[in-house]
Amino acid sequence: MKQTIRDDTFVELSYRVIDQKTGNVLTAVEFPLGYVHGHNSVLDPRVMAELDGRSVGETISVPIDCSDLYGARDESLVITDLIENVPEEYREVGMQILMENEKGETKTFFVTRMDDRTLTIDGNHPLCGRQVIFELEVLSVREATDEEIAAGGTLDQGPDIGGSPTRPI
């Protein structure tokens, strides 16, 4: 009998996030993401609900409005400055810059544009404002061990694709 995803099963997935408008793959895992179903909210609850009852080899697609996850875009978090005002180690598109405000709060900004004179950073999450399709393939399903249930999965959880610190998409 085929093992299906339910509470207390250890599941390994691969996934990719696709922009609904362009069809471009925005991110994809390079190694399986493992978790214990029902004990680890590593994925958005809508995705978890779609995985329930699935088995090895199945692929599911879940549309997600990233505005629900990250809020509306805030254009005040997009800053362009003269390139000479930016340290050289940050002068690369895609680079992450951790910035701190006067209250000591930190926020990650991404270098999104650069030319000969200016550099633009954006403090919005890269998926903010996008409509995406979260496409997952079930790679394995088995009974979880007591240790895995206690930990919610394996100790090496896999990549953060951009959710909150405790829950990616």
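Model, not experiment: these values are computed from the prediction. (Residues numbered from 1 in each chain as written. Predicted model: local features only at pLDDT ≥ 70, side-chain atom pairs only at ≥ 80, totals over all residues. Heavy atoms only, no water.)

Peer 1: Any chance you could explain the pairing of strand β4 (residues 59-65) here in plain terms?
Peer 2: Residues in a regular strand project their side chains so that they alternate between the two faces of the sheet. Covered by surrounding structure in β4 are Ile60, Val62 and Ile64 only, the residues Thr59, Ser61, Pro63 and Asp65 on the alternate face being uncovered. Relative to strand β9 (residues 131-143), β4 is paired through seven bridges, and the arrangement is antiparallel. When the bridges of β9 are listed, Ile60 appears paired with Leu136. (Buried < 20%, exposed > 50% of the residue type's maximum accessible area, 1.4 Å probe, protein only. Helix = DSSP H or I, 4+ residues; strand = E, 2+ residues; numbered from the N terminus. Pairing = 2+ DSSP bridges.)

Peer 1: Would you mind going over the confidence of the model for the protein chain with me for this structure?
Peer 2: Any residue range with low pLDDT should be treated as having predicted coordinates unsuitable for detailed reading. Looking at the protein chain as a whole, the pLDDT averages 86, with 91% of positions reaching at least 70. The model gives residues 157-169 a pLDDT under 50, and that stretch makes 47 contacts with residues more than four places away or in other chains. (pLDDT = per-residue confidence, 0-100. Contact = heavy atoms within 4.5 Å.)

Peer 1: Would you take a moment to explain the sheet that holds strand β7 (residues 106-114) for this structure?
Peer 2: Pairing between the strands of a sheet is mediated by backbone hydrogen bonds and can be parallel or antiparallel. Strand order in the open sheet formed by four strands is β5-β8-β7-β6, and the pairing between neighbours is antiparallel. Each of the sheet's edge strands pairs with one partner strand only, and the pair in question is β5 (78-82) and β6 (96-100). When strand polarity is set aside, the average angle formed by the axes of neighbouring strands in this sheet is 35°. Here β7 pairs with strand β8 (residues 118-122) via four bridges, running antiparallel. Paired with Met114 across the strands is Leu119, a residue of β8. (Axes fitted to C-alpha atoms, helices over the stretch in contact; angles between N-to-C directions.)

Peer 1: How should the pairing of β9 be read in this particular structure?
Peer 2: With 11 bridges connecting them, strand β1 (residues 9-19) and β9 associate as antiparallel partners. Pairing of Val11 across the sheet is with Val141, part of β9.

Peer 1: Would you take a moment to explain the environment of Glu12 for this structure?
Peer 2: For Glu12, the position within the fold is in strand β1. Glu12 has contacts with Pro32, Leu33, Gly34, Glu137, Val138, Leu139 and Ser140, leaving out every residue within four places of it along the chain.

Peer 1: Would you take a moment to explain the pattern of salt bridges for this structure?
Peer 2: Once their charged atoms are close, side chains differing in charge can pair, the charge on each being opposite to the other. Under the definition given, this model contains 10 salt bridges. Here Arg130 ties to Asp19 by a salt bridge, and the two come within 2.7 Å at their closest N and O atoms. Of this pair, Arg130 sits in the loop between β8 and β9 while Asp19 sits in strand β1, placing them 111 residues apart in sequence. Assessed through its relative accessible area of 31%, Arg130 is described here as partly exposed. Here Asp68 ties to Arg46 by a salt bridge, and the two come within 3.3 Å at their closest N and O atoms. With Asp68 in helix α2 (residues 66-70) and Arg46 in helix α1 (residues 45-51), the pair connects residues that are 22 residues apart, well separated along the chain. The class of Asp68 is exposed, set by a relative accessible area of 55%. (Salt bridge = Lys/Arg side-chain N within 4 Å of Asp/Glu carboxyl O.)

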